[in-house]
Amino acid sequence: MSIESVKSHFKQWNREGDVKEFESSSATVIEAAETIGVIPARIAKTLSFKGEGEHAILVVAAGDAKVDNKKFRQTFGFKARMLSPDEVLAQTGHAIGGVCPFGLANDLAVFLDVSMKRFESLFPACGSSNSAIELTLAELFEYSGAKDWVDVCKGWEEKGNVETAAGNAVDGI
C-alpha cells in the first residue's frame, strides 16, 4: 500500500509513471546504489526523528552523510532521537527500507540537508524496499513539501566533495 500512496502523491505532477520498481532490494543505501547503478552518495535517504510534539520530522540527506548531533541540536533546538521502526511506520506510513517524504500518513515537517546539493539529481525511495525515482534538487524540494534546506550532517565533506558541492548547487535553493 505504501508505494501506492507515493504513486498517488506523484499524480499531481504527472510523475507516477516515473516511480521505478526493481527486482532486487533497494532497502539500504548500498543496495539502492547497486540496483540503480549510481554511487551511494546519490541515494537520498530519509531519516525520521522525534519532533517536539506528536509528529516526527524528516531529514532527507545524501547517502554518504551522517547526522551530526551538535548541528542537529543547533538547528532544531532539541536532541536528535531516531524513531523506532514501529514509530517510523506509524508516522510516515512507510516501513524501514522504503521511507521517503512522499505520500505520508501524517503531515510531517520535511527538511533537505545540504549534503545533497553537490548533485543535479538524486534517487529517493518510493515507499517500498525495491523502489526509487530520480529527481532534481528542485523537484525533490517541491514534491516533498520541504520547509527548508538545513546543514545537519557530516562525513560527506570530508571525502573531498566541498568544491563539488559548491559547484553543483542549484540557484535559488
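Worth saying up front: this structure is predicted, and the values here are computed from it rather than measured.

A few points about the layout of surface pockets
And step 1. Taken as a whole, the largest pocket spans an internal volume of roughly 370 Å³.
And step 2. Top element by residues in the lining of the largest pocket is strand β2 (residues 43–49). It accounts for 6 residues.
And step 3. Classifying every residue of the lining of the largest pocket by side-chain character gives 15 nonpolar, 7 polar and 1 charged.

Things to note about the confidence of the model for the protein
A low pLDDT means the predicted coordinates there should not be read in detail.
And step 1. Summing up the model confidence of the protein, the mean pLDDT is 90 and the portion of residues at 70 or higher is 90%.
And step 2. Residue range residues 160–173 is modelled with pLDDT below 50. Its contacts to residues more than four positions away, or to other chains, number 17 contacts.

Structural notes on the state of the cysteines
And step 1. By the definition in use, this model includes 0 disulfides.
And step 2. In this model Cys 126 remains outside any disulfide bridge; the closest cysteine sulfur is found in Cys 100, 5.8 Å from its own.
And step 3. Residue Cys 126 is classed as buried on the basis of its relative accessible area of 0%.

A closer look at the environment of Leu 122
And step 1. Residue position: Leu 122 is located in strand β6 (residues 121–124).
And step 2. On a C-alpha basis, the gap between Leu 122 and Ala 41 in space is 8.5 Å, while along the polypeptide they are 81 residues apart.
And step 3. Contacts of Leu 122, omitting those with residues within four sequence positions, involve Ala 41, Arg 42, Ala 44, Met 116, Ile 133, Glu 134, Leu 135 and Leu 137.

Rules and cut-offs
Residues numbered from 1 in each chain as written. Predicted model: local features only at pLDDT ≥ 70, side-chain atom pairs only at ≥ 80, totals over all residues. Heavy atoms only, no water. 1 Å grid on protein atoms, 1.4 Å probe; cavity = no way out; pocket = protein on both sides within 12 Å on 5 of 7 lines; lining within 4 Å. Points joined across faces, edges and corners; volume = space filled by probe spheres on them. Helix = DSSP H or I, 4+ residues; strand = E, 2+ residues; numbered from the N terminus. Nonpolar A, V, L, I, M, F, W, Y, C, P; charged D, E, K, R; others polar. pLDDT = per-residue confidence, 0-100. Contact = heavy atoms within 4.5 Å. Disulfide = S-S within 2.5 Å. Buried < 20%, exposed > 50% of the residue type's maximum accessible area, 1.4 Å probe, protein only.

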